[in-house]
Structure formats: C-alpha cells, structure tokens
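Each chain, written out:
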Amino acid sequence: GNIGATNVLRTGNKGLAAATLLLDLIKGFVPVFLAWRWFNEPTTMPAAFYGPVACAAFGASVGHCFPIWLKFKGGKGVATSLGALLGFWPVLTIPAIASAILWYAVTQPTAYVGLASVIAAAAMPVMAVGFALLLKRSPGETAVYAGVCAALALLGIARHRANSARRRAGTETKV
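Enquirer: How would you explain the overall build of the protein if you had to name every residue and give the values?
Expert: Secondary structure assignment for the protein yields 8 helices and 0 strands. Order of helices (α) and strands (β) in the protein, N terminus to C terminus: α-α-α-α-α-α-α-α. Against the 2.2 N^0.38 benchmark of 16 Å for 175 residues, the protein shows a C-alpha radius of gyration of 16 Å, consistent with a compact globule. Seen through its C-alpha atoms, the protein measures out along the principal axes to roughly 50 × 35 × 25 Å. Every one of the 175 residues in the protein was classed for burial, and the buried ones make up 41%. Contacts in the protein between residues far apart in sequence, at least 24 positions, make up 63% of those at least 6 positions apart. Accessible surface computed for the protein: about 9,000 Å², of which carbon and sulfur atoms make up 72%. Each charge class in the protein can be summarised by its mean position, and for the 15 positive and 4 negative side chains these summaries are 13 Å apart.

Enquirer: Now, about unusual backbone geometry: what can you tell me, with residues and values included?
Expert: We note that Phe72 has phi near 65°; this positive angle belongs to a residue other than glycine. Summarising the element assignment, Phe72 is placed in the loop between helix H3 (50–65) and helix H4 (78–86). Phe72 gets classed as partly exposed once you look at its relative accessible area, which sits at 49%.

Enquirer: So what's going on with the environment of Ala79? Which residues, and what values?
Expert: Relative to the helices and strands, Ala79 resides in helix H4. Accessibility expressed as a relative area gives 13% for Ala79, which makes it buried. As a C-alpha pair, Ala79 and Leu21 span 58 residues in sequence and 6.4 Å in three-dimensional space. If we ignore the near neighbours within four places in the chain, the residues touching Ala79 are Leu21, Asp24 and Leu25.

Enquirer: Tell me about the environment of Cys55, and please be specific about residues and values.
Expert: Counting through the fold element by element, Cys55 comes out in helix H3. Separated by 64 residues in the primary sequence, Cys55 and Ile119 have C-alpha atoms spaced 23 Å apart.

Enquirer: Can you explain the pattern of salt bridges? Please cite residues and give values.
Expert: Using the criterion set out here, one finds 3 salt bridges in the structure. Of the charged contacts, one joins Lys27 and Asp24 as a salt bridge, the two residues approaching to 3.3 Å between their closest N and O atoms. With Lys27 and Asp24 both in helix H2 (residues 14–39) and 3 residues apart, the pair spans about one turn of that helix. Judged by its relative accessible area of 34%, Lys27 falls in the partly exposed class. A salt bridge links Arg137 to Glu141, with the nearest nitrogen and oxygen atoms 3.7 Å apart.

Enquirer: Run through the nonpolar core, naming residues and quoting values.
Expert: Counting residues in hydrophobic clusters, the biggest one holds 21 residues, and the most contacted among them are Val32, Leu85, Phe88, Leu92, Met124, Tyr145 and Val148. The dominant element in this core, judged by the number of residues it contributes, is H3, at 5 residues. The residues touching Phe88, leaving out its near neighbours within four places in the chain, are Val32, Trp36, Val53, Ala54, Ala57, Thr93, Tyr145 and Val148.

Enquirer: Explain a nonpolar patch on the surface to me, and be specific about the residues and the numbers.
Expert: Taken together, the side chains of Leu22, Leu23, Ile26, Phe29, Val30, Phe33 and Leu34 define a hydrophobic patch exposed on the protein surface, amounting to about 600 Å² of accessible area. Residue placement: Leu23 occurs in helix H2. Accessibility expressed as a relative area gives 55% for Leu23, which makes it exposed.

Parameters at a glance
Residues numbered from 1 in each chain as written. Predicted model: local features only at pLDDT ≥ 70, side-chain atom pairs only at ≥ 80, totals over all residues. Heavy atoms only, no water. Helix = DSSP H or I, 4+ residues; strand = E, 2+ residues; numbered from the N terminus. Rg over C-alpha atoms; globule rule 2.2 N^0.38 Å. Buried < 20%, exposed > 50% of the residue type's maximum accessible area, 1.4 Å probe, protein only. Contact = heavy atoms within 4.5 Å. Areas by Shrake-Rupley, 256 points an atom, 1.4 Å probe, with all protein chains shown as cover. Lys, Arg positive; Asp, Glu negative; His and termini not counted. Charge placed at Lys NZ, Arg CZ, Asp CG, Glu CD. Salt bridge = Lys/Arg side-chain N within 4 Å of Asp/Glu carboxyl O. Core = buried A, V, L, I, M, F, W, Y, C linked by side-chain atoms within 4.5 Å. Patch = residues over 30% accessible without salt bridge, like charges linked within 9 Å, V, L, I, M, F, W, Y side chains within 5 Å.

If you want it as structure tokens, here you go:
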C-alpha cells in the first residue's frame, strides 16, 4: 500500500526490502547530520541552536510520509524517523537503538509490524527523556529531545491508524 520497507518485504524480495530500509534510515540521518555540522558540533551546541536540527529531523520524516512526487502518499516514516534520531548523537542514539530493539521484540512474537512500530514510537520520548536526564543534559536540551521524539512518535502513530483499525477488526496482515 505504500513505499515502506515492510510493504517491499511483503513482495517477497528481502534484498530490496533491506535496501529500502537502509535508504530510509539514510534519508533521515543525513539531514540531521548535516544540520548538526552546519550549526555546530553536537557536544558544544547551545540548546538554542537545536531548533534547525529538530526541524531537519521532522522535515525528513514528513517528506517521507508525504512526498510530492507520489501525490503525498508515502511510507509510515518509522525507518526515516529512526535514522533522524540516530543523527542526534549521542543523546538520542542509544534510545533510538533501544526503540529499534523494542520494535523487534514486539514484531517477533506477534508478526504485526504496525503494532511494534506504534509501541516503539510511544516509548521513544520516554526513553529519550530518561537518557537525557541520565547524561545530565540541560532542561532546554532535554525539552528539545523530548519534543522531537514526541513529534516523530505522533507522526508515526497517526500514520499507523489504518493498521490499528485492521488489527482490531482482525484483518491486519502479518509479516
């Protein structure tokens, strides 16, 4: 139904699905990485400069979900959002990896990728705040991290509304 890695996997071509996943991760990572480098180094950047980096992360995911060249019918944005969060080195990288592990842990027994994506997305802002506090980040930085994660989580959850409805109806496709 869309251009995401899960739907490519459903065609039976695992190699193409893996390539799609990798390219979607890169699509999210590169704008955030470039924004970090453009504005400053991540370890020294004042919280006031995080706005453009956060916009790069959200913009990459929104662009994936609603691409103009596909008449605004793109993917769900999960892999692209994960790539964007991996670019927020170091604070969001560890929670993003933990979120990916949670996604895998839910997908394996249930085979519902949409359910796993929603659970991982919902957990990400909580993990991000916890990790930012553990690293003793400033309240401004922590708020930016929480805001980025919450915005990406809400986008991902909203994009999975149809999957959730199909799961409740018992018609959701398993991987």
